[in-house]
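Spelled out, the chains give:
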Amino acid sequence: MSFSEVILMAVPAVVRSATRPGGECSGARLPSLTGLRFVAAALVFAAHASFVFPSRDPAVAGDFAHVAAQGGPVGVGFFFVLSGFVLTWTARRTDTAGRFWRRRAAKIFPNHLITWLAALILMIRAGQAVTAGTALPNLLLINSWVPKASWVNSMNDVSWSLACEAFFYLMFPLVHRLVARIPERCLWPSAAVVVAIVFILPSVALLLPDQPMFVFAPMRQLWFVYFLPPVRLLDFVLGCLMARIVRAGRWIPVGTFPAVLLAAVAYAVSLHTPPLYSAAAVMLVPLAFVVAAAADSDLRARRSLLRHRALVWLGEISFAFYMVHHLVIRFAGGALGLGGKWGIVAASAVVVAVCVVSVLVAWLLYALVERPAMRWSAGAGTDRVGVLVQPESPGETSTSSSRAWSNE
């Protein structure tokens with residue numbers, strides 16, 4: 001049963017043309033954020049694999065599932081925050097809403113369409129029920145708006161997070177205008193307000209019916225705090241605020257390693273907190289800190305394993321990996337050994353093998369579908385739908401990200 005997913009992972013692979021703390025424009029890149037994308041996607045993969053971990057020892061399988069399953073919500077939350085950060089960081093004053101929406105559609109919909117068709121074919125061949133009532137909402141990315149498990153986990157289960165991302169993109173021109181107007185001294189208080197709202201929402205969710213159950217929480221309550229796009233928009237907005245905080249030079253002196261350590265501690269805590277809080281709230285601040293600290297580290301040219309060429313490449317294909325991995329687990333996992341009962345070493349090797357196959361399939365999807373679609377969108381014509389942010393003075397154009405958005 002899928003409980004994770006992003007988006008995911010539909011944020012730019014490499015962030016170009018950054019601004020250093022203090023306002024100095026530079027041609028810096030933020031490859032650590034790209035590397036982190038695959039780390040987050042791997043957490044989502046581990047969460048899904050944990051439900052079918054092929055250990056002959058039920059205790060081992062149960063312990064792995066208990067620890068790894070939380071990686072799903074963590075990975076998704078990371079992608080939502082990262083999406084807001086990156087889109088705010090690379091926003092150009094002269095870009096239009098129409099061009100922005102076209103690039104976003106070219107980023108997420110081709111992969112979604114191909115994996116939706118793959119899920120349709122595989123489900124029919126496997127004799128699984130497919131109905132228009134669940135397949136079409138999934139295709140149109142509206143499946144996370146209704147508190148029904150048959151909608152949320154339909155077709156390619158992970159695509160519910162794309163429904164959230166699609167809503168984020170629709171709202172971004174407005175969100176960006178509002179966030180851009182916040183005075184620098186109010187950025188941290190604004191972030192605190194967003195976090196406070198996220199922590200309050202689980203209490204509001206308890207007012208909803210407690211039946212039926214979904215995985216480990218009431219479906220309607222979990223839907224409200226985890227799946228509902230307007231609620232998850234708060235994660236995205238926090239990412240937008242963190243981008244402004246870093247750009248304004250107001251980031252606190254927390255490096256990448258301390259931020260990751262904080263996230264690890266929060267992860268451990270989330271294993272013992274009520275589901276409605278562990279779904280999003282507990283990890284929100286640590287994930288925002290990881291994103292901001294990694295970006296700040298790149299701006300200061302600090303050494304980091306996250307910038308390793310292999311990890312950056314994996315980050316570039318991470319959206320495709322996110323979109324295919326659950327299909328590989330569901331429909332090819334048995335042939336790869338997930339249906340067996342193995343010792344701990346052999347069981348771990350099987351999971352690694354499934355991950356490698358997922359990476360190979362993701363590379364094909366990236367090379368044949370995602371990258372050509374993005375190149376097409378970068379070369380498409382202009383439009384006149386209205387700029388995302390009005391220039392501060394007549395004739396002013398942005399020099400901080402002139403090439404960034406062409407590669408989102």
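Before reading further, recall that the structure is shown in the block above.
For every chain, the first residue of its written sequence is number 1, and the numbers climb from 1 along that sequence. Restriction of local features to residues with pLDDT of at least 70 applies here, the model being predicted, together with a cutoff of 80 or more for giving and counting side-chain atom pairs; totals for whole chains, interfaces and linings are based on all residues. Excluded from the side-chain calculation are hydrogens and water; included are all heavy atoms of the structure.

(A) Representation of the overall build of the chain. Helix and strand counts for the chain come out as 16 helices and two strands. For the chain, with 408 residues in total, the buried portion stands at 57%. For the chain, the share of sequence-separated contacts (at least 6 apart) that also reach a separation of at least 24 residues comes to 81%. Accessible areas in this description were obtained via Shrake-Rupley with a 1.4 Å probe; residue shielding takes into account the shown protein chains only. Within the structure as shown, the chain displays about 16,600 Å² of accessible surface, and the carbon and sulfur contribution to it stands at 67%. Every helix listed is a DSSP run of H or I at least four residues long, and every strand listed is a run of E at least two residues long, numbered separately from the N terminus. Three exposure classes are used, based on accessible area relative to the maximum for each residue type with a 1.4 Å probe and protein chains only: buried under 20%, partly exposed in between, and exposed over 50%. Any pair of residues with heavy atoms lying within 4.5 Å of one another is described as a contacting pair.

(B) Looking closely at helix α1 (residues 31-50). Multiply 1.5 Å by the residue count of a helix minus one, and that product is the helix's expected span. Taking 1.5 Å of rise per residue, 20 residues should cover 28 Å, and α1 covers 29 Å from first to last C-alpha, within 8% of that figure. Counting buried residues along α1, 16 of its 20 residues qualify, which places the element largely inside the surrounding structure.

(C) Focus on a nonpolar patch on the surface. The residues that make up patches have over 30% relative accessible area and no salt bridge, and they are joined within 9 Å when like-charged or within 5 Å when they are Val, Leu, Ile, Met, Phe, Trp or Tyr. The rule for a salt bridge is simple: a side-chain nitrogen of Lys or Arg has to be within 4 Å of a carboxyl oxygen of Asp or Glu. Among the surface-exposed residues, F109, L113, I114 and L117 lie close enough to one another that they form a single nonpolar patch of about 290 Å² accessible area. With respect to the helices and strands, the residue L117 is situated in helix α4 (residues 97-125).

(D) A look at the pattern of salt bridges. A complete count under the given rule lists ten salt bridges for this structure. The closest approach of N and O atoms between R250 and E184, which form a salt bridge, is 3.6 Å. Placement of the pair is R250 in the loop between α10 (229-247) and α11 (256-270) and E184 in the loop between α7 (160-180) and α8 (187-205), with a sequence separation of 66 residues. For the salt bridge of D298 with R307, the shortest nitrogen-to-oxygen distance reads 2.4 Å. Given the relative accessible area of 7%, D298 is considered buried.

(E) Spotlight on the packing of aromatic side chains. Only the six-membered ring of Trp is used, alongside the rings of Phe and Tyr, when aromatic pairs are assigned; centres must lie within 6.5 Å, and planes under 30 degrees apart are stacked while those over 60 apart are edge-to-face, with the rest tilted. Counting across every chain of the model gives 20 aromatic pairs. Relative to F168, the ring of F80 lies with its centre 5.1 Å away and its plane at 85°, an arrangement referred to as edge-to-face. Here the residue F80 occupies a position in helix α3 (residues 71-89), and F168 occupies one in helix α7, the gap between them amounting to 88 residues. The same class applies to F80 and to F168, which are both buried.

(F) Quick look at unusual backbone geometry. For the bond running from Q211 to P212, omega is 0°, close enough to zero to count as cis. By the element assignment, P212 lies in the loop between α8 and β1 (213-214). The phi angle at L141 is positive, at roughly 60°, despite the residue not being glycine. Look at L141 and you get buried, because its relative accessible area is 9%. Positive phi, normally seen in glycine, also occurs at V215, with a value near 60°. Mapped onto the secondary structure, V215 falls in the loop between β1 and β2 (217-218). We classify V215 as partly exposed; its relative accessible area is 40%.

(G) Quick look at the nonpolar core. Formed by 113 residues in total, the largest nonpolar core has its most connected members in L33, F78, F85 and F227. Looking at which element gives the most residues to this core, the answer is helix α13 (residues 281-299), with 13 residues. Core analysis: the second largest hydrophobic core is formed by seven residues, W116, A135, L139 and L327 among them. Buried Ala, Val, Leu, Ile, Met, Phe, Trp, Tyr and Cys residues form a nonpolar core when they are joined through side-chain atoms within 4.5 Å.

(H) Broad picture of the side chain of N111. Residue placement: N111 occurs in helix α4. Here N111 falls in the buried class, since its relative accessible area comes to 0%. Those residues in contact with N111, other than ones at most four positions away along the chain, are F319, A320, M323, L365, V369 and E370.

(I) Just the packing of α1 against helix α2 (residues 58-68), in detail. Only the stretch in contact is used when a helix axis is fitted, and all axes are lines through C-alpha atoms; the angle between N-to-C directions ranges over 0 to 180 degrees. Running from amino to carboxyl end, α1 crosses α2 at an angle of 145°, the nearest separation of the two axes being 8 Å. Crossing of α1 over α2 shows left-handed handedness. Each of L43, A46, A47, A49 and S50 in α1 lies in contact with α2, whose residues at this interface are F64, A65 and A68. In this classification, Asp, Glu, Lys and Arg are treated as charged, Ala, Val, Leu, Ile, Met, Phe, Trp, Tyr, Cys and Pro as nonpolar, and every other residue, Gly included, as polar. Looking at the contact of α1 with α2, its residues break down into seven nonpolar, one polar and no charged. In this scheme the handedness of a crossing depends on how the near helix is turned from the far one: anticlockwise by less than a right angle means left-handed, clockwise means right-handed.

(J) Structural context of the environment of D296. Checked against the element boundaries, D296 lands in helix α13. Separated by 40 residues in sequence, D296 and T256 have C-alpha atoms that sit 8.4 Å apart.

(K) Local environment of the environment of P218. With respect to the helices, strands and loops of the structure, P218 is situated in strand β2. Owing to a relative accessible area of 13%, P218 belongs among the buried residues under this scheme. In sequence terms P218 and L276 are 58 residues apart; their C-alpha atoms lie 9.2 Å from each other. Setting aside residues up to four positions removed in sequence, P218 forms contacts with P209, D210, Q211, P212 and M213.

(L) Structural detail: the packing of α7 against α10. Two elements in contact, α7 and α10, have axes separated by 9 Å at closest approach and are oriented at 50°. When the axes of α7 and α10 are compared, the pair comes out oblique. Like other packed secondary-structure pairs, α7 and α10 cross with a definite hand, here right-handed. Contacts from W160, A163, C164, F167, F168, F172, V175, V179 and A180 of α7 reach α10 at P229, P230, R232, L233, F236, V237, C240, L241 and R244. Residues of the contact of α7 with α10, tallied by class, amount to 16 nonpolar, no polar and two charged. Oblique is the label for every angle not falling under 35 degrees (roughly parallel), over 145 degrees (roughly antiparallel), or within 65 to 115 degrees (roughly perpendicular).

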